[in-house]
Amino acid sequence: HKTRARMLDWILEVLKGLQTVFSIRTYLRSVILMDLYFKNSPRVLSKEDIHLIGVTCIFIGSKYEDIHNIGISVLIENACHGKFLPSQILDTENSILSSLGFCLSFPTEADLLDFYLVKIFGKGENLSIIETRNKTLSVITKILFEPTSREFFPSILVLGALIVTIRGIHRSEE
């Protein structure tokens, strides 16, 4: 559990350091990929394996979510400091994607939150909705550090975070 929390923190720091504009979607997709791979992995993973998997999940998540994705050479130089070769990341990418049946078309918590916000508030965007979204994403990010967070359906996790956020905003307005 501590290793996973350290990886979540590390992925967050890497993305904040390497992206011109931090993408919560890339972060969330990277974390989901990592969690799914850990869940499906039949073997005990070493710290080096976990680090390689984390880097590879950032690589895959960025390719899926970002218009200008983080390249493998940038990751090797800035996130791994030369610890891994491109072939290791590409082999791990193949392993992760194979374990998922090459299916990456699943919603992240950000996708679910956006869906619920439209259902609750409609399609218009105003500062209140943007503030609610940003605060809820912050709550979600904190919840994900809890070892049991993946025991819940993502939709339940998102709705719980949204309720906590709305109650917090409501209380601060009183």
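The preceding data block contains the structure.
Please read these numbers as outputs of a predicted model, since none were measured by experiment.

(A) Region of the structure containing a nonpolar patch on the surface. Residues Ile-120, Phe-121 and Ile-166 make up a contiguous nonpolar surface patch of roughly 260 Å² in combined accessible area. Along the chain, the position of Ile-166 falls in helix α8 (residues 154-173).

(B) Expanded view of the pattern of salt bridges. By the definition in use, this model includes 10 salt bridges. Across the pair Asp-111 and Arg-25 runs a salt bridge whose closest N-O atoms are separated by 2.2 Å. Residue Asp-111 is located in helix α6 (residues 109-121), and its partner Arg-25 is located in helix α2 (residues 24-40); the two are separated by 86 residues in the primary sequence. A residue is classified by how much of its surface remains accessible, and Asp-111, at 27% relative accessible area, is partly exposed. The class of Arg-25 is partly exposed, set by a relative accessible area of 22%. The residue Arg-25 makes a salt bridge to Asp-114 at a minimum N-O spacing of 2.3 Å. Placement of Arg-25 in helix α2 and of Asp-114 in helix α6 is noted, with a sequence separation of 89 residues between them. On the basis of relative accessible area, Asp-114 is assigned to the partly exposed category, the value being 21%. By sharing partners, the salt bridges in this structure join Arg-25, Arg-29, Glu-65, Asp-111, Asp-114 and Arg-133 into a single network.

(C) How the structure looks around the side chain of Asp-35. Secondary-structure assignment places Asp-35 in helix α2. Setting aside its immediate chain neighbours within four residues, Asp-35 contacts Arg-4 and Arg-150.

(D) The layout of surface pockets, seen in detail. In this structure, the largest pocket spans a volume of roughly 560 Å³. Along the walls of the largest pocket sit 21 residues, with Arg-4, Asp-35, Leu-36, Lys-39 and Arg-150 positioned nearest its centre. Contributions of two or more residues to the lining of the largest pocket are made by α1 (2-18) and α2. Tallying contributions element by element places α2 first for the lining of the largest pocket, with five residues. The calculated volume of the second largest pocket comes to roughly 210 Å³. In this structure, the second largest pocket is lined by Leu-18, Gln-19, Thr-20, Val-21, Ser-23, Ser-62, Asp-66, Ile-67, His-68, Asn-69, Ile-70 and Val-74. Per-class residue counts for the lining of the second largest pocket are five nonpolar, six polar and one charged.

Reading the values: the criteria
- Along each chain, the written sequence defines residue order, and numbers are assigned to residues from 1.
- Given that the model is predicted, a residue must reach a pLDDT of at least 70 before its local features are reported, and side-chain atom pairs must reach 80 or more before they are shown or counted; all residues, however, enter totals for whole chains, interfaces and linings.
- Water and hydrogen atoms were dropped before computing side-chain values, which therefore reflect all heavy atoms in the structure.
- Within this analysis, patches are made of residues with over 30% relative accessible area and no salt bridge. Like charges are joined at 9 Å or less; nonpolar side chains (Val, Leu, Ile, Met, Phe, Trp, Tyr) at 5 Å or less.
- The method behind every accessible area is Shrake-Rupley, applied with a 1.4 Å probe, and residues are considered shielded solely by the protein chains displayed.
- The salt bridge criterion pairs a side-chain nitrogen of Lys or Arg with a carboxyl oxygen of Asp or Glu, the two atoms within 4 Å.
- Secondary structure follows DSSP: runs of H or I at least 4 residues long count as helices, runs of E at least 2 residues long count as strands, and numbering of each begins at the N terminus.
- For the exposure calls, accessible area comes from a 1.4 Å probe over protein chains only, and a residue counts as buried if that area is under 20% of its type's maximum, exposed if over 50%, partly exposed in between.
- In what follows, residue pairs with any heavy atoms lying within 4.5 Å of each other are defined as contacts.
- Of the two site types, the cavity is a set of points on a 1 Å grid over the protein atoms alone where a 1.4 Å probe fits but cannot get out, and the pocket is an open set with protein on both sides within 12 Å along at least five of seven lines, each lined by residues with an atom within 4 Å of a point.
- Grid points are joined across faces, edges and corners, and a volume is the space filled by probe spheres set on the points.
- Under this grouping Gly is polar, as are all residues other than the nonpolar Ala, Val, Leu, Ile, Met, Phe, Trp, Tyr, Cys and Pro and the charged Asp, Glu, Lys and Arg.

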